[in-house]
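# Chain and residue survey
Single-letter residue listing:
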Amino acid sequence: MTFPHATPMTEDPTWRLIRRLGYAGLIPFVFLALCLWLVGPELHPYVALSMQGYGAVIVSFLGGIHWGVGFRNALIRPNAPRIHFTWGVVPSLLAWVGVMMPAFAGLPLLGFVLIGCYLMDRRTWPAAGLAPWLPMRLQLTLVASLCCFLAAGAT
């Protein structure tokens with residue numbers, strides 16, 4: 001879906017804000033992953049849990065986006081695909097498991113779930129008119145998942 005009256009993504013102030021907020025969301029990933037390599041062992045459990053918690057929140061947020069897309073689709077066309085509703089709960093459930101696991105296992109799980117979320121977005125977002133955001137989603141996913149993997153290596 002394109003909006004002919006819309007300003008290009010690079011010029012629209014709302015889209016610029018969305019980009020800034022998206023990239024700012026990487027700050028905790030990078031900071032906490034770095035901290036896990038720098039702090040003493042007495043702080044590791046707290047920093048690792050913080051990293052797991054933040055990763056789980058972001059993974060849940062990514063699932064929630066699908067519910068929003070699903071609701072919008074259901075309003076504008078009858079018999080819209082239900083994939084957004086069914087997939088939308090999966091990331092939250094996996095995120096919960098990732099937080100309940102020890103960090104050395106939970107952080108890689110969260111990294112892989114982030115990648116899975118991107119793959120599902122790549123499959124479903126074009127039909128929802130969200131394809132222009134996929135390059136940014138890929139960049140966010142690569143950095144966030146890499147941070148989860150690096151953080152796991154420090155635990």
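This report concerns the structure included in the present document. Here the structure is a predicted model, which is why all the values come from computation and not from measurement.

### Some remarks on the overall build of the protein
Along its length, the protein carries six helices and zero strands. When the helices and strands of the protein are placed in sequence order, the string is α-α-α-α-α-α. Viewed in the frame of its principal axes, the protein has a C-alpha envelope of about 55 × 35 × 15 Å. For the protein, the proportion of its 155 residues judged to be buried stands at 37%. Taking all contacts inside the protein whose residues are at least 6 apart in sequence as the whole, residues at least 24 apart take part in 68%. Each charge class in the protein can be summarised by its mean position, and for the 9 positive and 4 negative side chains these summaries are 13 Å apart.

### Considering helix α2 (residues 27-38)
For α2, built from twelve residues, the straight-helix expectation of 16 Å at 1.5 Å per residue is met to within 8% by its first-to-last C-alpha distance of 16 Å. Each element contacted by the buried residues of α2 is listed here: α3 (44-76), α5 (103-124) and α6 (134-154).

### Digging into α6
Because an α-helix completes one turn every 3.6 residues, residues spaced three or four positions apart along the sequence face the same direction. End to end, α6 covers 30 Å across 21 residues, agreeing with the expected 30 Å (1.5 Å per residue, within 8%). Considered for burial, the residues of α6 that qualify are Leu 134, Met 136, Arg 137, Leu 140, Thr 141, Ala 144, Ser 145, Cys 147, Cys 148, Ala 151, Ala 152 and Ala 154. Buried positions along α6 lie against α1 (13-24), α2, α3 and α5.

### Examining the nonpolar core
Judged by nonpolar contacts, the single largest core of 33 residues is most densely connected at Phe 29, Leu 36, Met 51, Leu 107 and Leu 114. Contributions of two or more residues to this core are made by α2, α3, α4 (83-100), α5 and α6. Per element, the largest residue contribution to this core is nine residues, and it comes from α6. When neighbours within four sequence positions are excluded, Phe 29 is seen to be in contact with Met 51, Tyr 54, Gly 55, Ile 58, Leu 114, Ala 144, Cys 147 and Cys 148.

### Thoughts on the pattern of salt bridges
The final tally for this structure, using the stated rule, is one salt bridge. Measuring nitrogen to oxygen at the nearest pair gives 2.7 Å for the salt bridge that ties Asp 121 to Arg 137. Of this pair, Asp 121 sits in helix α5 while Arg 137 sits in helix α6; the two residues are 16 residues apart in sequence, bridging distant segments of the chain. Note on Asp 121: relative accessible area 1%, which makes it buried. Arg 137 gets classed as buried once you look at its relative accessible area, which sits at 6%.

### Re the side chain of Ser 145
Mapped onto the fold, Ser 145 is located in helix α6. Within the structure, the side chain of Ser 145 is placed 2.6 Å from the backbone oxygen of Thr 141, a separation counted as a polar contact.

### Digging into the side chain of Thr 141
When you line up the elements, Thr 141 lands in helix α6. Excluding residues within four positions of it along the chain, Thr 141 makes contact with Leu 114, Ile 115, Tyr 118 and Leu 146.

Cut-offs used in this document
- Residues numbered from 1 in each chain as written.
- Predicted model: local features only at pLDDT ≥ 70, side-chain atom pairs only at ≥ 80, totals over all residues.
- Heavy atoms only, no water.
- Helix = DSSP H or I, 4+ residues; strand = E, 2+ residues; numbered from the N terminus.
- Buried < 20%, exposed > 50% of the residue type's maximum accessible area, 1.4 Å probe, protein only.
- Contact = heavy atoms within 4.5 Å.
- Lys, Arg positive; Asp, Glu negative; His and termini not counted.
- Charge placed at Lys NZ, Arg CZ, Asp CG, Glu CD.
- Expected span 1.5 Å × (residues − 1).
- Core = buried A, V, L, I, M, F, W, Y, C linked by side-chain atoms within 4.5 Å.
- Salt bridge = Lys/Arg side-chain N within 4 Å of Asp/Glu carboxyl O.
- Polar contact = N/O pair within 3.5 Å; in protein donor to acceptor, adjacent residues only side chain to side chain.

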